[in-house]
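# An overview of the molecular structure
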Amino acid sequence: MFGIYLKRELSRRKKAALVIALGLALGIALVITVNSVSAGMTQAQDKVLQSLYGLGTDMTVTKARTAPTSGSSGRPNFQFDAKSEDDDSTQSSDRVMTQGGQALASSLVAKVAAQQGVSSAVGALSLNVTKVDGSFTQGKAKSSTSGQSNQGGPGGSSGGSMPQVQGGGASFDVNSYSVGGVDVTDQDLGPLSTSKITSGRTFTAAETNAKLAVVGKSYAKENKYKVGSTFKISGTKYTVIGIATPDSSDSTTDVYLPLKQAQTLGDAKNKVTTIYVKATDSKQIDTVKATIQKNISGTTVTTSADLAETVSGSLSTASDLATSVGKWLSIAVLAAAFLVAALLTSSAVSRRVREFGTLKALGWPSRRVTRQVVGESMVNGLLGGALGIGLGLAAAYTVTAISPKLTAQLGSTGGGMGGGPGGGPGQQSAQNTMEIALSAPVSATTIALAVGLAVAGGLIAGAMGGWRASRMRPADALRSVS
Amino acid sequence: MYRLTGVTKRYTRGKETVEALRGVDLTIEDGDQLVIQGPTGGGKSTLLQMIGGLDRPSTGSVELDGVDLATISEAKLTRLRAEKIGIIFQAFNLIPTLTAQENVETALVPLGVKPAERRERAAEALRSVGLGERLGHVPTELSGGQQQRVAIARALVKKPKVLLADEPTGNLDEGTRDDIMGLLEGLWHEYGLTFVMVTHDSSIARRAPRLATIKAGQITLTEQPGARQYAQQAPGVRAY
């Protein structure tokens, strides 16, 4: 009887059922869309962060920033020899500095790795190389002789000849690029993990101090480097063994060298600028961060969550919109849909006073009448849920199909390897812009949430209508008939 | 057997209190037929509600076979209605979306009768009131007289001890009225029901063996031993 009665009543009140279902559907569709777009934003942010950290890196440890000591400018200086007259040959000078001018002792890598909750830790050294190429041409001094008088001021001689410098000058080309010193024994973590070797090979574990280099794709293209090419840094010749293509960003290092080579170049023996850390449990990152900061003083620990805060641009704006406006909008629409469903159900019960009164007079217990009302309401809720899931999936599919492009500006926190080529020596925060296509993945959890909301909507509306129906007395119901 | 003692029912409307029944004393033996008549607002329907366990008196007691309907729990009262009392309404009160057979079945639902048996008993009850060909019709496809027959089948399908009718012919024309009254009285005779009916219709009231006239909440009983009943005139009523 329950099923037959329910089916007949719903078909009789198709319009009312449809209005309730559509209200719930709208709310549920909005929740699915906001959830899936938020998931897309998170994926996009993860992509951005992975380009900085590499997959698997949970946090980085860098030296805490200190105020520059007096007398150290932190700026590069170049020395060129004065050459003899007539010698205008090209001179070249490389100035190699550790990025940010801040480095940690290599021994800290082992200390960090030994901390509770740390799965592995790898050190890397980030250098900035500024290369100046060019030549000086000395000017030639010529004496002025005939009848020229110098009307100089006091102390000037009169009637003598004055030498004049003629010609001469300088032409220099300044080129800056970044070098990453890589721990060749563990390349799953660290700067190279953000890139794929698309040509040649990477370092072997034995090449800890080899004069070999892996070059970033765009830097290789710019300088026409191929596997087998050679180049010099501060007079040391390196052979290119591989070309690395960054996973999703151009914000990677230009040249990768074995760590020891980088330390030698940067005059930073047993030093690293960044320690890449992988935690044993990704849910315990904050605890691990606190442990490292507590046990190893003078360091800054940056997690992907910290780094996410430095992401700005349309990705950040859209993400903020999705999490704030979108969340509240879906809550508001959902609450309104629940309220409308509850009011319509309650109103429908009021119109059926005679019907429910008759059933009670026939001996139907209140719980059976309530069950009937809740059952009808649940079907409305589930119908709304099904419609809402359909609408939500369509909206999410549309967003994914359109794939709107979002930009993300990444401000490095002074740690990490995110400085990239744009980060000059002494520059503490560099910015890189990435373009990310937004998708809206719908997870099983989101669908489960939608079904849950549909059931909740049906139950709330049914509870209100059922409560009203259960409070009816058969005599009152029959009295209203006459 | 019904025994009503000092039954008073008060309704409060705003600041005003209305006494619909004032100290009603009444006894109805098993198998009796009692017709309640009186002016509108006199308390007829209120008295029927007390007898039917649809409402409780403000003071006094309404005993059915020794059980006081004024004081038993709501659950027990509901169960008692389901088992012992069949009710027929002036406006038929059929569920508009259910067929005639399904409407009759609703009276068996609270008794926990299995669906197959429910269907069979409902069909049999409808055949007994002459609607064997209308089992699958919804109320809007039936005439007023047919709808009231469905309501009668619904009231009787559970084989109740008491049959209550609130103006059962109030919405019917004269010819149909006689048919329905003939049917009801035939069934009363057939099953030995206790039959209590409220009516405005004096021609019906005159035919009742006992007449209760209620005015301003007070009852006057009249015995009419020579009353000629509809059942003697009505076409044959078949038992089911």
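Data block above holds the structure.
Residues numbered from 1 in each chain as written. Chains lettered and ligands numbered in written order. Predicted model: local features only at pLDDT ≥ 70, side-chain atom pairs only at ≥ 80, totals over all residues. Heavy atoms only, no water.

With that settled, the discussion passes to the interface of chain A and chain B. Each partner contributes residues to the interface: chain A has 23 residues there, and chain B has 24 residues. For the pairing of chain A and chain B, the buried interface totals around 2,200 Å² over both sides, and the portion due to carbon and sulfur atoms is 62%. Where Arg8(A) meets Glu102(B), a salt bridge forms, and the shortest distance between an N and an O atom there is 2.4 Å. Within the residue set of the side of chain A that touches chain B, elements represented by two or more residues are helix H1 (2-12), helix H9 (353-361) and helix H12 (474-479) of chain A. The residue inventory of the side of chain A that touches chain B, partitioned by class, reads 12 nonpolar, 2 polar and 9 charged. (Contact = heavy atoms within 4.5 Å. Buried area = accessible area lost by both parts, 1.4 Å probe. Salt bridge = Lys/Arg side-chain N within 4 Å of Asp/Glu carboxyl O. Helix = DSSP H or I, 4+ residues; strand = E, 2+ residues; numbered from the N terminus. Nonpolar A, V, L, I, M, F, W, Y, C, P; charged D, E, K, R; others polar.)

Bringing a nonpolar patch on the surface into the picture now. Residues and elements named next belong to chain A. Taken together, the side chains of Leu18, Leu22, Leu383 and Leu387 make up a nonpolar region of the molecular surface, amounting to roughly 330 Å² of accessible area. Mapped onto the nonpolar patch, the elements with two or more residues apiece are helix H2 (14-53) and helix H10 (366-402). Checked against the element boundaries, Leu22 lands in helix H2. By relative accessible area, Leu22 is classed as partly exposed at 44%. (Patch = residues over 30% accessible without salt bridge, like charges linked within 9 Å, V, L, I, M, F, W, Y side chains within 5 Å. Areas by Shrake-Rupley, 256 points an atom, 1.4 Å probe, with all protein chains shown as cover. Buried < 20%, exposed > 50% of the residue type's maximum accessible area, 1.4 Å probe, protein only.)

Another point: the nonpolar core. With 40 residues, the main nonpolar core has Val104(B), Leu126(B), Val150(B), Ile152(B), Leu163(B) and Leu184(B) as its most contacted residues. The set of elements that each furnish at least two residues to this core consists of helix H3 (100-105), helix H4 (115-128), helix H5 (144-156), strand E7 (162-166), helix H6 (174-191), strand E8 (194-198) and helix H7 (202-206) of chain B. Ignoring any residue separated from it by four or fewer positions in sequence, one finds Leu184(B) in contact with Ile88(B), Ile152(B), Leu163(B), Pro168(B) and Phe195(B). The next biggest cluster of nonpolar side chains, apart from the first, holds 39 residues, and it includes Val109(A), Tyr219(A), Ile275(A) and Ile285(A). (Core = buried A, V, L, I, M, F, W, Y, C linked by side-chain atoms within 4.5 Å.)

A few words on the environment of Leu30(A). Residue and element names in this part refer to chain A. Considering the arrangement of structural elements, one finds Leu30 in helix H2. Leu30 sits 301 residues away from Ile331 along the chain, and the two C-alpha atoms are 9.0 Å apart. Discounting chain neighbours no more than four positions away, the residues touching Leu30 are Leu329, Ser330 and Val333.

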